[in-house]
Amino acid sequence: MIIDCHGHYTTAPKALEDWRKLQIANLSTPELGPKAADLRISDDELRESIESNQLKLMRQRGSDLTIFSPRASFMAHHIGDFNTSSTWAGICNELCYRVSQLFPDHFVGAAMLPQSPGVDPATCIPEIERCVNDYGFVGINLNPDPSGGHWQEPPLTDRHWYPIYEKMVEYDLAAMIHVSTSCNACFHTTGAHYLNADTTAFMQCLSGDLFKDFPTLKFVIPHGGGAVPYHWGRFRGLAQELKKPVLQEHLLHNIFFDTCVYHQPGIDLLTRVIPIDNIVFASEMIGAVRGIDPTTGHHYDDTRRYVEAAAIDPEQRFKIYEGNARRVYPRLHAALQARGL
Ligand SMILES: [Zn+2]
């Protein structure tokens, strides 16, 4: 089985975007709506939006199951207040849940959180509970910078975030550390802000001792870990200077990298530098980079091709495709086992 740990509902029917536009237009007069119930999208519309997009590509490329979360760039936690984010997260998560019900063999949910800049992350707990208990979600997307590129929250190692971590540990949930759209003109959303955040999250964890407090906490750092694998020597050296344990002990029981690196040399480097046990297959499809690489004739985000061509053995490939995801997402493993998989 090939589990893709990183997919977003980027192809949701346009009614969702229209709803959001109206919500933003009425930020100062929320009593004018829209209400969550004003969004009406039929099962047929959902089915069509998936079958002709993500599911079609999954079938073509040979992946089986996608951990599916709301469109990351649309989370836009910087817009409005907690109530804005709460209603928005609620409807986005519900759509991913409905997709997982329509295609139970191919999609399982991961939750967007109703984060808002400067607001206690504990306010996200009810949505996490709902997504796990009612929707069967297996992970969350945690935004380390709900300000959208201005980095106003404390680092991920700060106690500020502990209510989320306590809930993650209680529920055995992994968090993908995933920012949203950049509203800082210096940072292109997917080309700079995402990769900066991946690198930043890793360095925050390196300089702290978070996993002493939460030894079973699991973070997936997406987009191949940003700059981390490429600069592994720098991070090893910094850990040494900071008198931290070696990275394998300090961070690699808890941090995993996905394979959303859109060329062969990147995957070759990732699989050589990072222990195979810390790599989970992902494509972030359909997402940031949708084109075809003229040098290969294949889509950049067809990441299975790179993993197939990497110089690793079948057992290592199995870990990347499936084995590691079952460890990182224990609730997914349990759900699959319950279905005899
Ligand atoms: Zn993503």
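The structure we're discussing is the one just above.
Residues numbered from 1 in each chain as written. Predicted model: local features only at pLDDT ≥ 70, side-chain atom pairs only at ≥ 80, totals over all residues.

A. Helix α7 (residues 189-207), seen in detail. The first and last C-alpha atoms of α7 sit 25 Å apart over 19 residues, in line with the 27 Å expected at 1.5 Å per residue. The set of residues buried in α7 consists of H193, Y194, L195, N196, A197, D198, T200, A201, F202, C205 and L206. Contact partners of the buried residues in α7: β5 (174-177), α8 (210-213), β6 (219-221), α9 (232-241) and β7 (255-258). (Helix = DSSP H or I, 4+ residues; strand = E, 2+ residues; numbered from the N terminus. Expected span 1.5 Å × (residues − 1). Buried ≥ 20, exposed ≤ 12 C-beta atoms within 10 Å, placed from the backbone. Contact = placed C-beta atoms within 7 Å.)

B. Quick look at the nonpolar core. If you look at the biggest cluster of nonpolar residues, it comprises 89 residues, and the most contacted ones within it are V99, A175, V220, I221, V280 and F281. In terms of residue count, the dominant contributor to this core is helix α4 (residues 82-102) (8 residues). Filtering out sequence-adjacent residues up to four positions away, V280 remains in contact with C5, V220, F256, D258, I320, N324, A325 and V328. (Core = buried A, V, L, I, M, F, W, Y, C linked by C-beta atoms within 7 Å.)

C. Structural view of unusual backbone geometry. Residue P34 follows G33 across a cis peptide bond; omega there is 5 degrees. Note on placement: P34 falls in the loop between α1 (14-25) and α2 (43-51). The peptide bond linking M285 to I286 adopts the cis configuration, its omega dihedral lying at 0 degrees. Relative to the helices and strands, I286 is located in the loop between β8 (279-280) and β9 (292-293). Of note, E284 is a non-glycine position whose phi angle comes to about 50 degrees, a positive value. One can find E284 in the loop between β8 and β9. For E284, a count of 25 C-beta atoms within 10 Å puts it in the buried group.

D. Structural context of the sheet that holds β5. Pairing within the open sheet is parallel, and its 8 strands lie in the order β1-β2-β3-β4-β5-β6-β7-β8. Both outer strands of the open sheet, β1 (3-9) and β8, are each paired with one neighbouring strand and no more. Running over the sheet, α4 touches β1, β2 (65-70) and β3 (107-112) and is turned about 170 degrees from β3. (Pairing = 2+ DSSP bridges. Axes fitted to C-alpha atoms, helices over the stretch in contact; angles between N-to-C directions.)

E. Expanded view of the pairing of β1. With respect to burial, β1 is a largely interior element, 7 of its 7 residues being buried. Looking at chain direction, β1 and β2 are connected through 5 bridges and run parallel. The partner of Y9 across the bridge, within β2, is P70.

F. How the structure looks around helix α13 (residues 314-328). For α13, which comprises 15 residues, the first-to-last C-alpha distance of 20 Å matches the rise-based estimate of 21 Å (1.5 Å per residue) to within 8%. At I320, α13 shows its maximal bend, which comes to roughly 55 degrees. Among all positions in α13, only K319, I320, Y321, N324, A325 and V328 are buried. (Bend = angle between axes of the 7 residues up to and from the residue.)

G. How the structure looks around the pairing of β7. By the alternation rule, side chains of β7 split into I255 and F257 and F256 and D258, which are all buried. Pairing of β6 with β7 involves 3 bridges; the strand directions are parallel. When the sheet's bridge partners are listed, I221 is paired in β7 with F257. Once the chain exits β7 it traverses helix α11 (residues 264-273) before rejoining the sheet at β8, and the crossover so formed is right-handed. (Right-handed = clockwise from strand over helix to strand, strands pointing away.)

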